[in-house]
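# Commentary on secondary and tertiary structure
Chain by chain, the residues run as shown.
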Amino acid sequence: MTGVLHRAWVAYRMRWKRRRLLFRAFRKRGELEQLHDRSGAIEPGAILCFSTVRNERVRLPFFLDHHRKLGVGHFLFVANNCDDGTTEYLADQPDVSLWQTKTSYKASRFGLDWLTWLQIRHGHGHWCLTLDADEIFIYPHWNTRPLRALTDHLDQTGKAGLGALMMDMYPKGPLADAVYTAGADPFEALAWFDAGPFFKQRQQPLDNLWVQGGVRRRVFFQDDPRRAPTLNKIPLMKWDRRFVYVNSTHSALPPRLNRLYDGPAATELSGVLLHTKFLDIVVERSREEKERGEHFANGALFTDYYDDLAANPTLWNSHSARYEGWQQLEAMGLMSRGDWT
């Protein structure tokens with residue numbers, strides 16, 4: 001097959017893959033029970049945030065407060081099998097539309113089918129953040145320039161989205177000692193991170209980036225580093241109902257969207273997702289998630305990972321860096337201002 005024919009064949013396959021995923025989301029819409037649909041209050045041009053959550057009551061006050069301050073105008077949540085007050089808490093938030101489901105997180109492509117349907121219905125034409133509750137989105141100048149200034153710049157420069165590195169934050173001592181109270185700044189407890197090394201490559205046929213490294217690769221996957229978590233994401237997009245995420249927000253279709261981010265040390269404008277996974281609750285939750293088996297396609301391969309987390313490890317070492325702000329991350333090559341000075 002010639003190069004031209006091969007590229008045409010790949011493009012054809014990717015178009016059909018995208019259509020299949022969109023149709024999947026259409027079929028899965030019946031799994032969602034509407035609790036509070038306040039989407040009628042969404043203003044034209046509002047920045048939206050989409051998220052699937054399970055038992056995140058302790059994280060949600062800071063998550064909502066941070067992203068409201070950035071400029072998110074409305075949040076659209078799917079609560080999946082929550083029993084810790086998450087659903088009730090979200091139901092009381094006037095800028096939240098809420099759906100719930102008792103069906104399988106794994107069988108919904110880890111929540112993507114549900115969110116894709118909501119993005120088709122409500123996200124088209126809006127700048128949209130798609131986040132987990134343990135992800136705090138930051139970008140250059142985030143504490144002095146609102147998210148609207150960032151999206152205006154992306155509009156002006158013809159960019160459809162912004163990529164980000166997911167940075168695992170952790171405490172200095174055992175994980176269970178990182179005691180956290182709802183609403184507090186989690187980075188007072190999780191003040192440390194691994195500044196590198198990070199490893200990246202492009203994968204075909206999606207042309208998506210694959211970044212690995214950081215503390216989880218160092219501590220949990222040193223014997224088999226290719227199983228370490230993927231750390232690149234494209235969390236912010238000017239949504240079009242023809243778009244679809246393929247694997248969390250790590251990759252998307254059409255494939256051109258995957259070129260929005262080239263990983264650490266790249267020069268184009270990028271952000272960071274500060275990852276709050278390693279609060280004290282991770283120790284007990286790891287035991288539970290090991291039994292549920294809902295977070296990995298082949299959960300048996302990650303038994304040791306969950307066991308290691310449940311053993312209450314210390315992730316800090318003498319090479320750990322203390323978080324000081326976005327300028328520090330830019331100086332380390334983990335975030336870039338690009339052409340937004």
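Rules and cut-offs
- Residues numbered from 1 in each chain as written.
- Predicted model: local features only at pLDDT ≥ 70, side-chain atom pairs only at ≥ 80, totals over all residues.
- Heavy atoms only, no water.
- Buried < 20%, exposed > 50% of the residue type's maximum accessible area, 1.4 Å probe, protein only.
- Helix = DSSP H or I, 4+ residues; strand = E, 2+ residues; numbered from the N terminus.
- Pairing = 2+ DSSP bridges.
- Phe/Tyr/Trp six-rings, centres within 6.5 Å; stacked < 30°, edge-to-face > 60°.
- Arc of directions from axis to C-beta.

## Structural notes on the pairing of strand β2 (residues 48–53)
- For β2, a buried count of six out of six residues is recorded, marking the element as mostly surrounded by other parts of the structure.
- Neither face of β2 is left uncovered, since the one carrying Leu 48, Phe 50 and Thr 52 and the one carrying Cys 49, Ser 51 and Val 53 both have all their residues buried.
- Pairing analysis gives six bridges linking β2 to strand β3 (residues 74–80), with the strands arranged parallel. Each bridged residue has a counterpart across the sheet, and for Ser 51 the counterpart in β3 is Phe 77.
- Here β2 pairs with strand β5 (residues 127–130) via three bridges, running parallel. Looking at the pairing, Phe 50 lines up with Thr 130 of β5.

## Some remarks on the packing of aromatic side chains
- Taken as a whole and assessed by the stated rule, the structure comprises 17 aromatic pairs.
- With 6.2 Å between their ring centres and 25° between their planes, Phe 23 and Phe 26 make a pair best called stacked. Of this pair, Phe 23 and Phe 26 are both found in helix α1 (residues 3–28), three residues apart, which corresponds to roughly one turn of the helix.
- Judged by its relative accessible area of 47%, Phe 23 falls in the partly exposed class.

## Considering the pairing of strand β6 (residues 135–138)
- Burial of β6 is two-sided: the residues Glu 135 and Phe 137 facing one way and the residues Ile 136 and Ile 138 facing the other way are all buried.
- Bridge count between β6 and strand β14 (residues 271–275): four bridges; the pairing is antiparallel. Bridging across to β14, Glu 135 finds its partner in His 275.

## As for helix α5 (residues 147–156)
- Along α5, the residues that are buried comprise Leu 147, Leu 150, Thr 151, His 153 and Leu 154. Along the long axis of α5, the arc covered by the buried residues comes to 155°, so they all point the same way.

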